[in-house]
Amino acid sequence: KVAVRPLPQIALGAILLLSLYSLHSYYGTRPLEDWKAAAAHLRDRAKPDDLIVFHAGFTRDTVYWYYNATDAEQLAVPPTFRPLKPEDLEQVQQSVKGRKRVFLIYSHPNDPEERLLRALNSTMQPREFIGFACIDIFEYAPPDSNESQK
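Residues numbered from 1 in each chain as written. Predicted model: local features only at pLDDT ≥ 70, side-chain atom pairs only at ≥ 80, totals over all residues. Heavy atoms only, no water.

Novice: Explain helix 1 (residues 6-29) to me, please; I cannot follow it from the model alone.
Specialist: The terminal C-alpha atoms of helix 1 lie 34 Å apart, and with 24 residues this matches the ideal 34 Å at 1.5 Å per residue to within 8%. Little of helix 1 sits inside the fold, with 0 of its 24 residues counted as buried. (Helix = DSSP H or I, 4+ residues; strand = E, 2+ residues; numbered from the N terminus. Expected span 1.5 Å × (residues − 1). Buried < 20%, exposed > 50% of the residue type's maximum accessible area, 1.4 Å probe, protein only.)

Novice: Looking at this model, I keep getting lost on helix 4 (residues 86-96). Mind explaining?
Specialist: Buried residues of helix 4: Asp 88, Leu 89, Val 92, Ser 95 and Val 96, and no others. In a view along the axis of helix 4, the buried residues occupy a sector of 125 degrees, so they form one face of it. In this structure, helix 4 carries Pro 86, Glu 90 and Gln 94 as exposed residues pointing more than 90 degrees from its buried face. Contact partners of the buried residues in helix 4: strand 1 (51-55), strand 2 (73-76), strand 3 (102-106) and helix 5 (115-123). Downstream of helix 4 by one or two residues, Gly 98 has phi in the positive range, about 80 degrees. (Arc of directions from axis to C-beta. Contact = heavy atoms within 4.5 Å.)

Novice: Would you take a moment to explain the sheet that holds strand 3 for this structure?
Specialist: Sheet strands pair via backbone hydrogen bonds, and the direction of the pair is either parallel or antiparallel. Read across the open sheet, the 5 strands follow the order 2-1-3-5-4; overall the sheet is mixed. Here the strands that pair on one side only, and so sit at the sheet edges, are strand 2 and strand 4 (125-132). Across the sheet, the axes of successive neighbouring strands diverge by a mean angle of 20 degrees, strand direction being ignored. With 7 bridges joining them, strand 4 and strand 5 (residues 135-141) adopt antiparallel strand pairing. (Pairing = 2+ DSSP bridges. Axes fitted to C-alpha atoms, helices over the stretch in contact; angles between N-to-C directions.)

Here it is, written out as structure tokens:
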């Protein structure tokens, strides 16, 4: 007869229960990102001469999974999941010049000092903000345009 040791089985059961609880707490209670709604907003608003800036850059593919009906130029800043660098901010400031509208898709930001928002606010006029689950969309227009007065 083989002796059954209950302690390892109890320990394994406890680990499994705690793991399930942790997984449920993480995945079951967090809101899901509403990329479909964000993409629909862009589809309704963005025009071919607009610029869409994605922060973080890896979210661009997710938006375009739902929204592929634009000719608007896209800029992923930063292009990978890494902190913003000064050259990223310079690229954004150069890219917004002459634009009638710029949309910033702000999700998974790796910018605790909000340098990207400050850079856009220094060159463009915030026009509209809309928040979806875990996704913010900022719309900007040039400071001297009629678009910024709407």
